[in-house]
Amino acid sequence: MKLNNCSRPLCFAFAVLAVVIPIRCGQAQTRETTSIRTHEDLFHALIRAEVGGPAQIQILCATNRHLVTSTLWTWLRNRAAMLATGGDPNQTVRPFRTALQVAQVLQDHGMIATGHLALARKLMELGNLEEAISNLSMSCSHFSQAGLKHDVQFVYSQLSHASFLSQKYANARTYADKSLQLTESLKQEEEPRGAWPEEYGAAIALSVLAHLSLREGRYADAIDKLEEALELFETLDVSLPIFGRHITETLDSLGDAHALIGDYRWALVYLERALTKARVNSFSRQESGVLLRLGSLYLKREDYEKAEDYFSRSFQVASEVSDPRQTSLALLSLGVVALRQDQVDRALPRLRRSLELAQELKDIDSIILARQNLSGVYVAWGKLEKALDEVVLSEELARTSSDLLRTAEVAWWKAEIYRRLGRNNDAIVQAGVSLSIANEHRLDRLSHLALVTLAQAHLAENRPEAAEAILRKALDRLEELRGAIPGDILQQQLFFGKRVFAHHLLIDLLLKANRIGEALTYAERAKARVLLDHLYNGRTSSNAVMTATEKAEEQRLNRELGALGRHLPNDARLSDLATRLKDKRRQYSLFRDVLQTVHPELTLQPIVPSPLEPDNLRQLLPDSRTALLEFVVTDGQLLLFVITRRTKDGEPELRVYPTTIARDDLTRQVTRFQWLISNRHPSFHAEARALYDLLLKPAENQLKGSTSWCIVPDDLLWNVPFQALEPRDLRYLIEDVAISYAPSLSVLDEISWREPRGATSFLAFGNPSPKTKSATAQLNQAKPPLVFESLPEAETEVQTIGNQFGPQRSAVFIGALAKEAVFKAGAANYSVIHFATHGVLDNANPLYSYLALADGDGEDGLLEAREVLEMDLCADLVVLSACETARGRIGAGEGVIGMTWAFLAAGARSAVVSQWAVKSGTSSRQMISFYKHLRAGAGKTEALRQASLEMLRGNQVTHPFYWASFVVMGADR
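A brief structural summary. For every chain, the first residue of the written sequence is number 1, and numbering continues from 1 along that sequence. In keeping with the predicted nature of the model, local features appear solely for residues at pLDDT of at least 70, side-chain atom pairs appear and are counted solely at 80 or more, and the whole-chain, interface and lining totals rest on all residues. By convention in this description, side-chain values take in all heavy atoms of the structure and omit both hydrogens and water.

1. Looking at the packing of helix α22 (residues 444–460) against helix α23 (residues 464–482)
In the contact formed by α22 and α23, the axes pass within 8 Å of each other and the chain directions differ by 160°. With respect to each other, α22 and α23 are oriented roughly antiparallel. Of the two possible hands of crossing, α22 and α23 adopt the one that is left-handed. Mapping the contact onto sequence places D444, R445, S447, H448, L451, V452, L454, A455, H458 and L459 in α22 and P464, A466, A467, I470, L471, K473, A474, R477, L478, E480 and L481 in α23. Nonpolar residues are Ala, Val, Leu, Ile, Met, Phe, Trp, Tyr, Cys and Pro. Charged residues are Asp, Glu, Lys and Arg, and all others, Gly as well, are polar. When the residues that make up the contact of α22 with α23 are grouped by side-chain class, the tally is 13 nonpolar, 3 polar and 5 charged. Geometry is summarised by axes, namely lines fitted to C-alpha atoms with helices restricted to the contacting stretch, and by angles between N-to-C directions that run from 0 to 180 degrees. Only runs of H or I of at least four residues qualify as helices and only runs of E of at least two qualify as strands under DSSP, and these elements are numbered from the N terminus. The cut-offs work like this: below 35 degrees is roughly parallel, past 145 is roughly antiparallel, 65 to 115 is roughly perpendicular, and the gaps in between are oblique. Crossings are assigned a handedness: left-handed for a near helix turned anticlockwise from the far helix by less than a right angle, right-handed for a clockwise turn. Two residues form a contact once any of their heavy atoms are found within 4.5 Å.

2. A word on helix α11 (residues 219–239)
The first and last C-alpha atoms of α11 sit 31 Å apart over 21 residues, in line with the 30 Å expected at 1.5 Å per residue. Whether a residue is buried, partly exposed or exposed follows from its accessible area with a 1.4 Å probe, protein chains only, as a fraction of its type maximum: under 20%, in between, or over 50%, in that order. The set of residues buried in α11 consists of Y219, A222, I223, K225, L226, A229, L230, F233, L236 and D237. All buried residues of α11 project into a common sector of 165° when viewed along the axis, lining one side. With respect to the buried face of α11, the exposed residues turned more than 90 degrees away are E231, T235, V238 and S239. In this structure, the buried side of α11 is in contact with α10 (198–215), α12 (244–260) and α20 (404–420). To estimate how far a helix should extend, the number of its residues minus one is multiplied by 1.5 Å. In this context, the arc is that of the directions from the helix axis out to the C-beta atoms.

3. Looking at unusual backbone geometry
The phi dihedral of Q107 is positive, around 55°, even though this residue is not glycine. Looking at where Q107 falls in the secondary structure, it is placed in the loop between α5 (89–106) and α6 (109–125). Phi angles above zero are rare outside glycine, and Q167 is one such case at about 65°. Along the polypeptide, Q167 turns up in the loop between α8 (149–165) and α9 (169–186). Under the relative-accessibility criterion, Q167 is labelled partly exposed at 24%.

4. Section: the packing of helix α31 (residues 663–678) against helix α32 (residues 685–695)
Relative placement of two packed helices is described by the angle separating their axes and the distance separating the axes. Between α31 and α32, whose axes approach to 10 Å, the crossing angle comes to 140°. On the basis of their axis angle, the class for α31 and α32 is oblique. For the pair α31 and α32, the crossing hand works out as left-handed. Within the contact between the two elements, α31 uses L666, Q669, V670, R672, F673 and L676 and α32 uses E687, A688, A690, L691 and L694. Class assignment of the residues belonging to the contact of α31 with α32 gives a composition of 8 nonpolar, 1 polar and 2 charged.

5. Considerations on the pairing of strand β6 (residues 762–766)
Buried residues dominate β6, accounting for 5 of its 5 residues. Taken together, the 5 bridges between β6 and strand β7 (residues 810–814) define a ladder with parallel strand orientation. If you follow F762 over to β7, its bridge partner there is S810. DSSP bridges decide pairing: two strands pair if at least two such bridges lie between them. In this structure, β6 lies alongside strand β8 (residues 832–836), joined through 5 bridges in parallel fashion. Each bridged residue has a counterpart across the sheet, and for L763 the counterpart in β8 is I833.

6. Thoughts on the pattern of salt bridges
Any two side chains of opposite charge can pair, given that their charged atoms come close. For salt bridges, the criterion is a side-chain nitrogen of Lys or Arg within 4 Å of an Asp or Glu carboxyl oxygen. Taken as a whole and judged by the stated rule, the model has 59 salt bridges. Between E308 and R346 there is a salt bridge, with the nearest N and O atoms lying 2.6 Å from each other. Here the residue E308 occupies a position in helix α15 (residues 304–320), and R346 occupies one in helix α17 (residues 344–361), the gap between them amounting to 38 residues. With a relative accessible area of 17%, E308 lands in the buried category.

7. What about the sheet that holds strand β11 (residues 862–864)?
A sheet is described by the order of its strands in space; here 3 strands give the open sequence β9-β10-β11, paired in antiparallel fashion. With one partner strand each, in any of the chains shown, β9 (839–840) and β11 form the two edges of the open sheet. Note: β9 against strand β10 (residues 850–852), 2 bridges, orientation antiparallel. Bridge pairing links G839 to L851 in β10.

8. Looking at the sheet that holds β7
Spatially, β3-β2-β1-β4-β5-β16-β15-β12-β8-β6-β7 is the arrangement adopted by the 11 strands of the open sheet, whose pairing is mixed. With partners counted over all chains shown, the strands left at the sheet margins are β3 (652–660) and β7, one partner each. Here the average twist between neighbouring strands, direction ignored, is 20°. Taken together, the 9 bridges between strand β2 (residues 637–645) and β3 define a ladder with antiparallel strand orientation. Of the residues in β3, the one forming a bridge with V642 is R655.

Dropping the structure here:
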């Protein structure tokens, strides 16, 4: 279910009139007066009489008619403006009513109109929309009788706004059109100016029409009108700086509108501007709303952590300012986030409370969303009929409010429930309704969802041809959506990863039709897509396009990130360190998102992998001894695609081996084996045999005779050290086969076509240590991840390997000389780069995983994955002789995101990395042996295999923990 709020209140701000109060105001309010002789006496008497109500005001005015003048009215009007904020809402309204009564006694149409207008605006602020509209109508009538057309134009804009807020949309359009029509006609007439610039009324009318267009799905029109309104507000604010709230909310609405059409980049730009404006001016209600929209944006990108963070802050701000509508929406949003993560117990109370508040406020849009998501709770519980009841109620409300967006969303969700109930033909009808609206109004995300549901319904009705055609459309729509997702690789992966299910459906359909080649093509389209985008597009350095201001801002954020990352434990603020670090990373992420929008050249253009043609496969299969193995893990099935060269003609042969197994069962088996190996447990042999039989044994006949395999894992299979599996008792797979890994065959193909530089130059960093005393103190006293033991074996490792290359072709840096700055300055000039260092994995934020180097020359000594991504490397090989450098977040549709991913994306053709924490001494011996075989002419995979076998057969470190950790990722040659 989709969370949008395109019909939220516009909450326009109003300027405060200058206040002129009689000099003795404070004294007169506290003394008793027995007679009224002056204007001032009557002024204070009227103030005291307000408690008694309109009748007492009327009596005072009647008995003192000679003192009821325009001066008295001006004093009362200004007093009302001064008391308009704070205190009891009823008390803030009374002064406006008093001023209006005095104007009516004077029978001055201009004063009466102004009084009705001021009272109406106060009533709108308090949410009393019906009475506000009544007063605005009276104001319009009296301004017309007074011949004040400029003021009539402004009141029309207020009527359009109030009608919109009260959900009288036809009236809102009528009044907005009248306001704009009068604006145009006034340009041709010599009329006296009104109290408000007609540009102000025009901007409000345009904003109302824009929000009506949003409701009707005419997003381009809405954006045009909002941009026109923004220009008017900003122009007005230059000469009279009171329009900040309008500017904030118009920016907010522009962000919302761009998000609705899937243009998330510009949505972020506008929302970030709105948030800055709200915070600088302390517009708390507006800040809450913008935070809500930002959270909604991240929710659409499937980034639940960021979404919940924004929604929680929106809820906090809304609660502080006692804004029930924003509170209701924030609760609703938090409920949606919990529901999307299958946390039904957390979602339910939030959704119920949100529905209660929405019903109290008579907020139809929020009621629809709350009921729609409550139906999701019932679906999670398996109560599909109850879920359908909630959706039907939502459908009726959406139809009544003529909200096309909500109608389309509800229709899709109703189709999904029908499908789960087995009412597939009903599902097809409802999905068609949703799809029709989504296509007409460019709602690509909703279109994709409706297409997938439609395909599933056709599959259930045994219509494979129709389902296949629909799924192809759904995946084409997904490719269009990928191009609009801003942010780092995690943002892009999270969005794409939630949608690989459609690929799996199509793969299954194609395999049932025995179209194996097409099935493999779609398997490839579900893997390592962001990495392929990086490799295909090349790398544009941010520094090359950023302005001086942007560079300064990035440097500031990086400094603050570094300071938070190594906070001392005796700091009194350490308890909130994680929160502040998380917030700073969020700020940096937002900065990078906006940077990509401002500088489009930094945005990767999505690439759709081409089918692997015979030429591509010949490049990847140099001989009959090589095999390619690609896995696909679905909810109930494990697929293994195997490509080898036929012995007769040398042409590629593709076969597929399906195995039925539940994902949970596969997860348990893989997790146990990986734990046994990485913890040096002796009882791992049975699991090694069982996993081999499950994963590889079905393809044994085709793989017979092949001695070099490149494996493309999927999902949790990235945690499997295939080299440690046992095809026979007490015989490891590595004894028969050299194994390398690749994120996808398309990525491997892209890498393999690049000309290798050859292993001729060597850059190495060993046992780095902090260069400055301050960095030493911080590292030694910081949190446990930053406490690094010395690695003397690493020094021996890099020096020994450097000697193999010779002094003219190697550069080896040790200790305080092994600086991050040295790496960044020289890495592009070397074909082999080697790190014998500590490495720290940040599984929650893998782009913040790092290698520990020495600080100095403006660098903090922590080489993060996000920094590597900014580089342009030409290395044939990067060796990360550090702990867990092959690991990271396993992202559906992308593979392992971490240090290895970053080096491949930066241009390295291959990497040797570790799958778990390794011992420095044994890893050094293995690396020295690896380079010995590599320099002797072996390929990377075979060189690592020989080094591993030497350890295995040395009878000292035979457990796979010692020799199976390191793997080759990428091209073998």
